Amino acid sequence: MVSNPVHGLPFLPGTSFKDSTVSSHQAAATSSRLHGLILKTAFHRSQTLGYRNGYAVVRRPTVGIGGERLQVNQLSQAELDELANKAPILTYGQPKQAPPAEFIPAHVAFDKKVLKFDAYFQEDVPMSTEEHYRIRRVNIYYYLEDDSMSVMEPVVENSGILQGKLIKRQRLPKNDQGDHYHWKDLNRGINITVYGKTFRIVDCDRFTQVFLESQGIELNPPEKMALDPYTELRKQPLRKYVTPSDFDQLKQFLTFDKQVLRFYAVWDDTDSMFGECRTYIIHYYLMDDTVEIREVHERNDGRDPFPLLMNRQRMPKVLVENAKNFPQCVLEISDQEVLEWYTAKDFIVGKPLTILGRTFFIYDCDPFTRQYYKEKFGISDLPRIDVSKKEPPPVKPELPPYNGYGLVEDSAQNCFVLIPKAPKKDVIKMLVNDNKVLRYLAALESPIPEDKDRRFVFSYFLASDMISIFEPPVRNSGIIGGKYLGRTKVAKPSSTAENPIYYGPTDFFIGAVIEVFGHRFVILDTDDYVLKYMESNAAQYSPEALLSIQDRVQKQEGPAPELEKEKQQEIENVVTQLPDYPKLSEQGTACPGSGSTFTGTKGRPWIMDQELSRQTKEDPGVQELEALIDTIQKQLKDHPCKDNIREAFQIYDKEASGYVDKEMFFKICDSLNLPIDDSLIKELIRLCPHREDKINYYHFVRAFSN
């Protein structure tokens, strides 16, 4: 048994213990080691740093403290890792398996990753003398996400070939066995055949090169893109054919270099539509006998600032007869097609000159040109010609003929400005004459018998000098009454459309004839406000107008016949249909504050009085009928009759025309038992209007109404 010292205590008796697990042989070896340890004198740590080939290296120590050799671990790194990761299964059980790595599909891993190859194919051109084949460049795209391919041809401007997408994106067949092209089949410097066309791949982009090399594919060296022979031929400069000449052009160039004749000319194109007279500057270059025409632009002339009308070139003066059909727009004219060219002696101030179909008139030149003509041709007097034209007087705008719609002043505004405005109004006149209206009763002059009994009410508005016409509706007249003319200005027939003269208040008086758009009206009567207006403005009216009003006043002062209430009520109903009757009935005047009323005799409106007076005076039968009705009503004061007489007639008047058959009329009279002599009843029936064996019961019922 050997005694081992306790860690941290000196190797002295009493500080060691015996290890019973160690055999005697091991104990002897241990004892010898302890004995050797007691005899050791070097207890330093071994050196682990050193230099090799000038570089510092780390060495694993082989000897421990005291010079004892260390046991070297002979296990590999993989075995050491396995031991380090090995878990105690007996204690903790079977360890859990690590989860597998996450699966990434191809369409996600290779999304938007495309291989691009530069290629070309050769296309035969059978029907062309200039080329037998052409080289067409394409780009081949390989999409890694689904192994599809597409072929695109870059668009070349003015190539005349339909370019763009040659083969749309799809999986391209490789052979007849059903195989498809894979990215492993693509490389630089190879040919691939797709749908009968052979494409030569010459190069690829940087991403494609890195991807293929990362997959272990050895890429071929890139090739140069094949050139199209016809395209290269077009890039060569065109050959120019110069016609030889005996004239020494070099001497002319050296003698007259930078010497230019300047002429000022005009081109008068006023004979054509939208033509004008424009000025130009003609330059004649003495060094090569070329001509240039420059445009002269003025400020705000409305033209594009293009400097040249004709570029510098030689101008033919006389062509040969066979040169008329010469394709001048394709080929350059040479001396063989021209008999004579324009020279300096053809440009003379004061003479016209035709260049390319345009006739220019030269009116002036610069001092150098004058001096040249004086020395070369002996022409000393080149006067300046005044070509300025006097501006014609401004054309007075003529108004188109009046079409009859609206006012002349309002329609004329469309001819003065682009956006018409309403004509200005006399505001002071409108404020002073606001709500002042002159009213007149008029009849229509017409050869038609039905128009003789028609009556119209003229309203003249002093604020705007406008006229409106209203026709009171008459029952069973066959004419629809109401508004005859809206409020508007009416021009006199003797005036013109350019200077219209409108009717004024002085043109309206009793007996005056007013022509309104081809219809003639005769003024029959006026209201009381018109009389007062004429009295206050007598200086404006003619003696004829004042005399007519005087006669009207004298007739009005005479005794007016009494009319029955039924007739008065009928005419009052007609008057109330006027457009402005409600307003006038409330005010009682034509002009508020003027004191002029519309009241006539017995409190009736003046129009009612005039209508009743007109019917009584014009028809003697009406006078007899009204007198008979008065007699019957006087007899009925002590013997009142039934009130249902009108209803008895209306039962048999199905059409509401106011007429009943004669037979039925007499039967109704017999059934009513009227308290009146039969002779008066027969006379009343005789005076009532008749029509086709029918009798109007209106006046009959009115005679027996209370």
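First, a word on scope: everything that follows refers to the structure included in this document. (Residues numbered from 1 in each chain as written. Predicted model: local features only at pLDDT ≥ 70, side-chain atom pairs only at ≥ 80, totals over all residues. Heavy atoms only, no water.)

1. Points about helix H19 (residues 678–687)
- Residues of H19 that are buried include every one of Leu680, Ile681, Leu684, Ile685 and Leu687, and no others. Considered in projection along H19, the buried side chains sweep an arc of 165° and stay on one side of the axis. Projecting away from the buried face of H19 at angles above 90 degrees are the exposed residues Asp678, Ser679 and Lys682. (Buried < 20%, exposed > 50% of the residue type's maximum accessible area, 1.4 Å probe, protein only. Helix = DSSP H or I, 4+ residues; strand = E, 2+ residues; numbered from the N terminus. Arc of directions from axis to C-beta.)

2. Considerations on unusual backbone geometry
- The backbone phi angle of Tyr195 is positive, close to 55°, even though this residue is not glycine.
- Assignment of secondary structure puts Tyr195 in the loop between strand E9 (191–194) and strand E10 (197–204).
- Classification of Tyr195 by relative accessible area gives exposed; the value is 52%.
- Non-glycine residue Asn435 carries a positive phi angle of around 65°.
- Mapping Asn435 onto the fold places it in the loop between helix H10 (427–432) and strand E19 (437–445).
- On the basis of relative accessibility, which here comes to 37%, the residue Asn435 falls in the partly exposed class.

3. Thoughts on the sheet that holds strand E18 (residues 358–365)
- Strand order across the open sheet formed by 6 strands is E14-E13-E12-E11-E18-E17, with antiparallel pairing between neighbours. The open sheet terminates on both sides in strands that have one partner only, identified here as strand E14 (308–313) and strand E17 (352–355). With direction set aside, neighbouring strand axes in the sheet form an average angle of 35°.
- Pairing analysis gives 4 bridges linking E17 to E18, with the strands arranged antiparallel. Paired with Thr354 across the strands is Thr359, a residue of E18.
- Docked against the sheet, helix H8 (residues 367–376) engages strand E11 (260–268) and E18, running at close to 110° with respect to E11. (Pairing = 2+ DSSP bridges. Axes fitted to C-alpha atoms, helices over the stretch in contact; angles between N-to-C directions. Contact = heavy atoms within 4.5 Å.)

4. What about the sheet that holds E9?
- The 6 strands lie next to each other as E8-E7-E6-E5-E10-E9, forming an open sheet whose pairing is antiparallel. Among the strands making up the open sheet, the edge pair consists of strand E8 (164–170) and E9. With strand direction ignored, the average angle separating the axes of adjacent strands in the sheet is 30°.
- The sheet contact formed by strand E7 (residues 148–153) and E8 spans 4 bridges and is antiparallel. Bridge pairing in E8 links Val151 to Ile167.
- Across the sheet, helix H5 (residues 206–214) lies against strand E5 (114–124) and E10, angled at about 110° from E5, the strand it touches most.

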